[in-house]
Amino acid sequence: MLDAKTIEIIKSTVPVLEVHGQTITKQFYETMFKNHPELLNVFNHANQRQGKQPTALANAVYAAAAHIDRLEEILPVVKGIAQKHRALGILPEQYPIVGENLLAAIKMVLGDAATDEIIEAWGQAYGVIADVFISVEAEMYQAAEQQPGGWRGFRRFVVDRKVKESDVITSFYLKPEDGKEIANYVPGQYITVRVKPEGQAFTHLRHYSLSTSPGHAYYRISVKREEAIADKPAGIVSTYLHDAVQERDILELSAPAGEFTLELEPSSQHPVVLISGGVGLTPMVSMLETLLEQNPAHDVVYIHAARNGSQHAMRAHIHQLTEAHPSLRSYVVYEAPAAGESCDKNGYIDLPWLQTVADSNADFYFCGPTPFMQAVNRALKQWGVPAERIHFEFFGPADSLD
Ligand SMILES: Cc1cc2nc3c(=O)[nH]c(=O)nc-3n(C[C@H](O)[C@H](O)[C@H](O)COP(=O)(O)OP(=O)(O)OC[C@H]3O[C@@H](n4cnc5c(N)ncnc54)[C@H](O)[C@@H]3O)c2cc1C
Ligand code: HEM
């Protein structure tokens, strides 16, 4: 427990952190990777270069500092981060490394303003925050391992089938090499793949949402190939999966994780609206299949936005589901349809159109590129949909939709 003085110091230095937060975290990563290059095996290098991870960490540190005397209030946020940490295999012994390097960075950036008292207070506060993460993650490791078909760390899976879904998306059907049972999951959850492509000095870990309903003898992920464009290099893992990984190859996976899940009370009267942009369809297809299997009379709307027909994945599958289930209505939005291609809406999803196909009383789930999610979120808020019925997932470090 922190004393009143320490709490006061922490709270009064939050505004300073807000000014220097990102500089501190940037400095922190630089020093940490210099001292502990082995951590480059777990951190996403692209997120580092684009500053996404420093921002996410800085936001988490502000939130934790501002709530230092009532950390239970940010427990839902902690759980979301802890799910990612557990999926990546982050261990308790790594927390002091982060703590030490974070304090060193605070000292370096703040200079004389970082008095011994402030550094001491932050050291204590970091210890309290780290303990919360460590204990939440310990429970998650245990739950992941002890569930039927569960495991700790990474398990070897064979690529049983590789199926092209569109010009840019390919599905991988993954079966455990040991032939034993696999852990169940809730639609919306992801698994984490660990690979070491030839020529790469480090392992690379990426999360991929499971793209079918649970209950099969395999996991399926569907991966978009991140091409090199202009000054952006090609994505490391997605191009490796598309180009190098073949049927019968082995991929290492950690057990399903994630807090973005379809939460449907059997008695719920609210329709469900699933909205996806591009490869953001993966958790939506899992949710849709599950809903149709478990609650076939429940009113559901599936809206998918793609650039055009050649990038539209799983079109035939959704068409079949729509034909077979009167409770399902599905719509296609093409940003730039090719000549002769038909869709339900040209351009982008907007509120006037959304109002013609969905009901504001629904539970909304969405996923896609950040600008897409910002537009959908804005439209739903404008429509008056309450926050508790708006659910979304970022395919990268959590960001802001406002
Ligand atoms: C919960 C969750 C679920 C996800 N589910 C899916 C899914 O179902 N399907 C899916 O395809 N993806 C999914 N993702 C995204 C996935 O984890 C990867 O981020 C994605 O495949 C890209 O990884 P990569 O290694 O190919 O690209 P990276 O190498 O990580 O690069 C990412 C992007 O950054 C760009 N980049 C790299 N370096 C620079 C630089 N210096 N300057 C500018 N740009 C740069 C690259 O061009 C690329 O576009 C999910 C992510 C999360 C967090
Ligand atoms: C109290 C301490 C910590 C806090 C507040 C924290 C916070 C965060 C946050 C906010 C994210 C982004 C989550 C997202 O994707 O939405 C994250 C991701 C991550 N964290 Fe932590 N973290 C802490 C400790 C650690 C430790 C000890 C390690 C291991 C050395 C670690 C490794 C990672 C990695 C590898 C990611 C994924 C990010 C990426 O690769 O881009 N974290 N953390």
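S.K.: What is the right way to read the sheet that holds strand S12 (residues 390-393) from this model?
M.R.: Read from one edge to the other, the open sheet built from 6 strands follows the order S10-S9-S8-S7-S11-S12, with strand pairing classed as parallel. Of all the strands in the sheet, just strand S10 (345-346) and S12 have a single pairing partner and so form its edges. When strand S11 (residues 363-367) meets S12, the two strands line up parallel, connected through 4 bridges. Counterpart to cysteine 367 in the pairing with S12 is glutamate 393. Sheet contacts for helix H9 (residues 315-324): strand S8 (300-306) and strand S9 (328-334); angle to S9, the most-contacted strand, approximately 150 degrees.

S.K.: What am I meant to see in the side chain of histidine 304 here?
M.R.: Topologically, histidine 304 is positioned in strand S8. Residues within four places of histidine 304 in sequence aside, it is in contact with Ser276, Gly277, Gly278, Leu281, His312, Tyr331, Val332 and Val333.

S.K.: Is there a simple way to think about the packing of aromatic side chains in this case?
M.R.: Aromatic rings considered in pairs are described by the distance between their centres and by the relative angle of their planes. Counted under the stated rule, the structure contains 15 aromatic pairs. Taken together, the aromatic side chains of Phe28, Tyr29, Phe33 and Phe43 make up a single cluster linked through ring pairs. In this arrangement the basic side chain of arginine 161 is found over the ring face of tyrosine 173, its NZ or CZ atom lying 4.1 Å from the centre. In this structure, arginine 194 packs its charged tip against the face of phenylalanine 154, placed 4.2 Å from the ring centre.

S.K.: Please explain the site of ligand 2 as it appears in this structure.
M.R.: Taken together, 22 residues lie around ligand 2, and Asn44, Asn47, Lys84, His85 and Ala398 are the ones closest in. Between ligand 2 and lysine 84, the relevant distance is 2.9 Å, taken from an oxygen atom to a side-chain nitrogen or oxygen of the residue. Going through the elements one at a time, helix H3 (52-66), helix H4 (75-88), helix H5 (95-110) and helix H6 (116-146) are the ones with two or more residues in the shell around ligand 2. Partitioning the shell around ligand 2 into residue classes produces 16 nonpolar, 5 polar and 1 charged.

S.K.: Teacher, can you tell me more about the pattern of salt bridges here?
M.R.: Any two side chains of opposite charge can pair, on the condition that their charged atoms come close. Enumeration over the complete set of coordinates arrives at 18 salt bridges. Aspartate 160 is the salt-bridge partner of arginine 248, the closest N and O atoms lying 3.4 Å from each other. Of this pair, arginine 248 sits in the loop between helix H7 (236-243) and strand S6 (250-257) while aspartate 160 sits in strand S1 (residues 154-164), and the two are 88 residues apart along the sequence. The class for arginine 248 is exposed, based on a relative accessible area of 56%. One salt bridge in this structure joins aspartate 167 and lysine 164, with 3.7 Å as the shortest N-O distance. Lysine 164 matches aspartate 167 in its accessibility class, with the two residues each being exposed.

S.K.: What is the right way to read the nonpolar core from this model?
M.R.: The nonpolar side chains of a soluble globular protein tend to be buried, and buried together. Within the largest apolar cluster, 45 residues are counted, with the highest numbers of intra-cluster contacts made by Ile10, Met32, Phe33, Ile68 and Trp122. Tallying contributions element by element places H6 first for this core, with 11 residues. Setting aside anything within four residues of it in sequence, one finds isoleucine 10 in contact with Ala65, Ile68, Ala121, Trp122 and Ala125. Judged by nonpolar contacts, the second largest core, of 26 residues, contains Ile303, Trp353, Leu380 and Phe394.

S.K.: In this structure, what is going on with the site of ligand 1? I would like to understand it.
M.R.: As a structural note, the neighbourhood of ligand 1 is formed by 26 residues, with His207, Tyr208, Pro233, Val237 and Ser238 the closest of them. The separation between an oxygen atom of ligand 1 and a polar side-chain atom of tyrosine 208 is 2.7 Å. Within the backbone of isoleucine 236, one N or O atom sits 2.9 Å away from an oxygen atom of ligand 1. Residue assignment for the shell around ligand 1 shows that the elements contributing at least two residues are helix H2 (45-49), strand S4 (204-209), strand S5 (219-224) and H7. With 4 residues, S4 is the single largest residue contributor to the shell around ligand 1. A class-by-class count of the residues in the shell around ligand 1 yields 10 nonpolar, 9 polar and 7 charged.

S.K.: How do you make sense of unusual backbone geometry when you look at a structure like this?
M.R.: Apart from glycine, the bulk of residues carry a negative phi angle, and the bulk of peptide bonds sit in the trans form. Phi angles above zero are rare outside glycine, and arginine 248 is one such case at about 85 degrees. Backbone geometry places methionine 314, a non-glycine residue, at a positive phi of 60 degrees. Take methionine 314: its relative accessible area is 6%, and that puts it in the buried class.

S.K.: What is the right way to look at the coordination of the iron atom of ligand 2 in this model?
M.R.: Metal coordination angles in their ideal form are 109.5 degrees for the four-donor tetrahedron and 90 or 180 degrees for the six-donor octahedron. Exactly one protein atom donates to the iron atom of ligand 2; that atom is His85 (NE2), 2.1 Å from the metal. For histidine 85, the position within the fold is in helix H4.

S.K.: What am I meant to see in the pairing of strand S7 (residues 272-277) here?
M.R.: Along any regular strand the residues' side chains alternate between the sheet's two faces. Of all 6 residues making up S7, 6 are buried, and the element is well covered by its neighbours. By the alternation rule, side chains of S7 split into Val272, Leu274 and Ser276 and Val273, Ile275 and Gly277, which are all buried. Inspection of the sheet shows S7 paired to S8 by 6 bridges, in the parallel sense. Looking at S8, one finds that isoleucine 275 is bridged to isoleucine 303. Handedness of the crossover is the feature at issue here: the chain leaves S7, passes through helix H8 (residues 281-294), returns alongside S8, and the resulting connection is right-handed. One ladder, built from 5 bridges, connects S7 with S11; its direction is parallel. Within S11, the residue paired with valine 272 across the bridge is aspartate 363.

S.K.: Quick question: what am I supposed to make of the sheet that holds S6 here?
M.R.: Sheet strands pair by backbone hydrogen bonding; their relative direction is either parallel or antiparallel. Ordered by their spatial adjacency, 6 strands build an open sheet running S4-S3-S6-S1-S2-S5, and the pairing between neighbours is antiparallel. With one partner strand each, in any of the chains shown, S4 and S5 form the two edges of the open sheet. Adjacent strand axes in the sheet meet at a mean angle of 40 degrees when their direction is disregarded.

S.K.: Mind showing me how you'd approach the packing of H4 against H6 here?
M.R.: Geometrically, a packed helix pair is captured by the angle between its two axes and the distance between the axes. Interaxial distance between H4 and H6 falls to 9 Å at its minimum, and their mutual angle equals 55 degrees. When the axes of H4 and H6 are compared, the pair comes out oblique. The crossing of H4 and H6 is right-handed. Residue-level inspection shows Leu75, Val78, Lys79, Ile81, Ala82, Gln83, His85 and Arg86 of H4 in contact with H6, the latter providing Val132, Phe133, Val136, Glu137, Met140, Tyr141 and Ala144. Partitioning the contact of H4 with H6 into residue classes produces 10 nonpolar, 2 polar and 3 charged.

Here is what the cut-offs are and how they apply
- Residues numbered from 1 in each chain as written.
- Chains lettered and ligands numbered in written order.
- Predicted model: local features only at pLDDT ≥ 70, side-chain atom pairs only at ≥ 80, totals over all residues.
- Heavy atoms only, no water.
- Pairing = 2+ DSSP bridges.
- Helix = DSSP H or I, 4+ residues; strand = E, 2+ residues; numbered from the N terminus.
- Contact = heavy atoms within 4.5 Å.
- Axes fitted to C-alpha atoms, helices over the stretch in contact; angles between N-to-C directions.
- Phe/Tyr/Trp six-rings, centres within 6.5 Å; stacked < 30°, edge-to-face > 60°.
- Lys NZ or Arg CZ within 6 Å of the ring centre and 35° of its normal.
- Near = heavy atom within 4 Å.
- Polar contact = N/O pair within 3.5 Å; in protein donor to acceptor, adjacent residues only side chain to side chain.
- Nonpolar A, V, L, I, M, F, W, Y, C, P; charged D, E, K, R; others polar.
- Salt bridge = Lys/Arg side-chain N within 4 Å of Asp/Glu carboxyl O.
- Buried < 20%, exposed > 50% of the residue type's maximum accessible area, 1.4 Å probe, protein only.
- Core = buried A, V, L, I, M, F, W, Y, C linked by side-chain atoms within 4.5 Å.
- Donors = N, O, S within 2.8 Å, 3.2 Å for Na, K, Ca; no water.
- Right-handed = clockwise from strand over helix to strand, strands pointing away.
- Parallel < 35°, antiparallel > 145°, perpendicular 65-115°, else oblique.
- Left-handed = near helix turned anticlockwise from the far one by under 90°.

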